[in-house]
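Observations on the model geometry
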Amino acid sequence: MRIRWTMVAQTASRPGFATRTLHFLRESTPAYADWPLRIMIAAVFLFHGISKLDDGVAGFADAMGLSIGLAWLVTLGEIAAGALVLVGGLVIPGAKTMSRFAGALVAIIMVGAIVKVHWPRWAFDPTDDFPMGGMEFQVVLAAIGLWFFATGGRLVKEVPR
Amino acid sequence: MSPETRSVMHSEREEAVMQTVQGLPVHAHWLPRVAVAAVFIFHGFQKFPYIDAYAAATWDIVPLAYLVAYMEVAAGLLLLLGGMRGQYADIATRLGGLLIIPVMIGAIAKAHWPRFSFVPTEAFPIGGMEFQLTLIAVGLFFFLRGSPRP
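Residues numbered from 1 in each chain as written. Chains lettered and ligands numbered in written order. Predicted model: local features only at pLDDT ≥ 70, side-chain atom pairs only at ≥ 80, totals over all residues. Heavy atoms only, no water.

This part is about the overall build of chain B. When helices and strands are tallied, chain B shows six helices and zero strands. Helices and strands appear in chain B in the N-to-C order α-α-α-α-α-α. Relative to the compact-globule value of 15 Å for 150 residues, chain B shows a C-alpha radius of gyration of 22 Å, a clear excess of over 25%. Counting only C-alpha atoms, chain B reaches 80 × 40 × 30 Å along its principal axes. Among the 150 residues that make up chain B, the fraction classed as buried is 44%. Sequence separation of 24 or more characterises 61% of the internal contacts of chain B that already satisfy a separation of 6 or more. Only carbon and sulfur atoms are counted for the fraction: they give 70% of the accessible area of chain B, which is about 7800 Å². For chain B, the distance from the average site of its 10 positive side-chain charges to the average site of its 10 negative ones is 4 Å. (Helix = DSSP H or I, 4+ residues; strand = E, 2+ residues; numbered from the N terminus. Rg over C-alpha atoms; globule rule 2.2 N^0.38 Å. Buried < 20%, exposed > 50% of the residue type's maximum accessible area, 1.4 Å probe, protein only. Contact = heavy atoms within 4.5 Å. Areas by Shrake-Rupley, 256 points an atom, 1.4 Å probe, with all protein chains shown as cover. Lys, Arg positive; Asp, Glu negative; His and termini not counted. Charge placed at Lys NZ, Arg CZ, Asp CG, Glu CD.)

Turning to the overall build of chain A, a few remarks are in order. Check the secondary structure of chain A and you find seven helices and zero strands. Helices and strands in chain A line up, N terminus first, as α-α-α-α-α-α-α. Against the 2.2 N^0.38 benchmark of 15 Å for 161 residues, chain A shows a C-alpha radius of gyration of 22 Å, more extended than a compact globule. Its C-alpha atoms put chain A at 70 × 45 × 40 Å along the principal axes. In chain A, the share of contacts with a sequence separation of at least 24, taken over all contacts with a separation of at least 6, comes to 59%.

What follows deals with empty space enclosed by the protein. All told, the structure shown has one cavity of 30 Å³ or more when counted by the stated rule. Approximately 70 Å³ is the volume found for the largest cavity. Around the largest cavity sit His118(A), Phe124(A), Met132(A), Gly133(A), Gly134(A), Phe137(A), Gln138(A), Phe118(B), Ile126(B), Gly128(B), Phe131(B) and Gln132(B), which together line it. Those elements giving two or more residues to the lining of the largest cavity turn out to be α7 (136-151) of chain A together with α6 (130-145) of chain B. (1 Å grid on protein atoms, 1.4 Å probe; cavity = no way out; pocket = protein on both sides within 12 Å on 5 of 7 lines; lining within 4 Å. Points joined across faces, edges and corners; volume = space filled by probe spheres on them.)

In this section: the packing of helix α5 (residues 68-87) of chain A against helix α6 (residues 95-118) of chain A. Residue and element names in this part refer to chain A. In contact at an axis separation of 8 Å, α5 and α6 are set at 145° when each is read in the N-to-C sense. Crossing hand, α5 versus α6: left-handed. Note on element contacts: α6 touches α5 through Met98, Phe101, Ala102, Leu105, Val106 and Ile109, opposite Val74, Gly77, Glu78, Ala80, Ala81, Leu84, Val85 and Val87. Across the contact of α5 with α6, the residue classes tally to 12 nonpolar, one polar and one charged. (Axes fitted to C-alpha atoms, helices over the stretch in contact; angles between N-to-C directions. Left-handed = near helix turned anticlockwise from the far one by under 90°. Nonpolar A, V, L, I, M, F, W, Y, C, P; charged D, E, K, R; others polar.)

In this model, Trp119(A) is joined to Pro120(A) through a cis peptide bond whose omega is 5°. Despite not being glycine, Asp60(B) has its phi angle at roughly 60°, a positive value. Mapped onto the elements, Asp60(B) comes out in the loop between α3 (51-57) and α4 (62-82).

This next bit is on helix α2 (residues 30-47) of chain B. Across its 18 residues, α2(B) extends 25 Å between first and last C-alpha, which sits within 8% of the 26 Å expected from 1.5 Å per residue. What α2(B) keeps buried is the set Pro32(B), Arg33(B), Ala35(B), Val36(B), Ala37(B), Val39(B), Phe40(B), His43(B), Gly44(B) and Lys47(B). If you follow the buried residues of α2(B), they end up packed against α7 of chain A together with α3, α4, α5 (89-112) and α6 of chain B. (Expected span 1.5 Å × (residues − 1).)

Each partner contributes to the interface: chain A provides 43 residues, whereas chain B provides 47 residues. Contact between chain A and chain B buries roughly 4200 Å² in total, counting both sides, with carbon and sulfur atoms accounting for 74%. The interface formed by chain A and chain B contains zero salt bridges. On the surface where chain A and chain B come into contact, there are three residue pairs in polar contact (both at pLDDT 80 or more). Elements with a contribution of two residues or more to the side of chain A that touches chain B: α2 (17-27), α3 (35-55) and α7 of chain A. At 12 residues, the largest contribution of residues to the side of chain A that touches chain B is made by α7(A). Classifying every residue of the side of chain A that touches chain B by side-chain character gives 30 nonpolar, six polar and seven charged. (Buried area = accessible area lost by both parts, 1.4 Å probe. Salt bridge = Lys/Arg side-chain N within 4 Å of Asp/Glu carboxyl O. Polar contact = N/O pair within 3.5 Å; in protein donor to acceptor, adjacent residues only side chain to side chain.)

Let us now look at the packing of aromatic side chains. In total, this model carries 12 aromatic pairs over all chains according to the counting rule given. Judged by centre distance (5.1 Å) and plane angle (50°), the ring pair of Phe137(A) and Phe131(B) falls under tilted. Remark: Phe131(B) occurs in helix α6 and Phe137(A) occurs in helix α7; the pair is interchain, linking two chains. Assessed through its relative accessible area of 2%, Phe137(A) is described here as buried. Judged by relative accessible area, Phe131(B) falls into the buried class, the value being 3%. Pairwise contacts between aromatic rings join Phe124(A), Phe137(A), Phe118(B) and Phe131(B) into one cluster. (Phe/Tyr/Trp six-rings, centres within 6.5 Å; stacked < 30°, edge-to-face > 60°.)

The next thing to look at is the pattern of salt bridges. Taken as a whole and assessed by the stated rule, the structure comprises five salt bridges over all chains. Between Asp34(A) and Arg38(A) there is a salt bridge; the shortest N-O distance is 2.9 Å.

Below, the structure is given as structure tokens:
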């Protein structure tokens, strides 16, 4: 395809072009904008939940110093959060509630991980004292989870300008 | 005070609390904004004192190292500014989200590929790519979403 640069220049130099572009951008918020977050939360939580099943939940319980019941609860909670955040994106009855529930699970499990493993280091790169790194990844996941909890994963407009 | 008055006052207070709770989703965009801005402002500023060591550890191009550091700080600040009021809030949010993506693709290509889990190993001393992919997802989210205002 041949780009007609004179036309591009003419369009861009018309009066009000920048304003109209800004206005166009401001009015275009696609309803699917939440899907990147849903896909990544699902990938992370399904991966870690299913890895715990693979490697043995008892080993995870030993390593973290948790009771076996709590370790199972965390594992199943991670898998449920990953599944529900995907199903909650569909246009079906109760989708918002599923997203909220998944977000709450994500936030609770991440607070547990931070308290148990990562606090008080921030940076994700590991040190001798923090072999699993700091808490920034878990803080980001918890923030996304709380966003899902508060909004149900729907795009809520911000305060009026 | 009659019981009726007290019950009316109580319900009014309850109503105010309910209105606040129902209004909370309006402010929920600050959660991912602040978390991701904290990550990028932290890592951006952290690079400046050790910029030569950082350049040597990555592509050995000092201007590129400076560009990455400035892009990280700018992405964080733009995401914070994008949550505020004003004509340019929307474009700030979108630009902040967009800046995250190339920086994180570079980080994955240099240090994290092909491991997924963030847990570090001998071969992957700073872990796999899931954190960086999550940051790309948040960047894409803010790039697509902007700052929608009624």
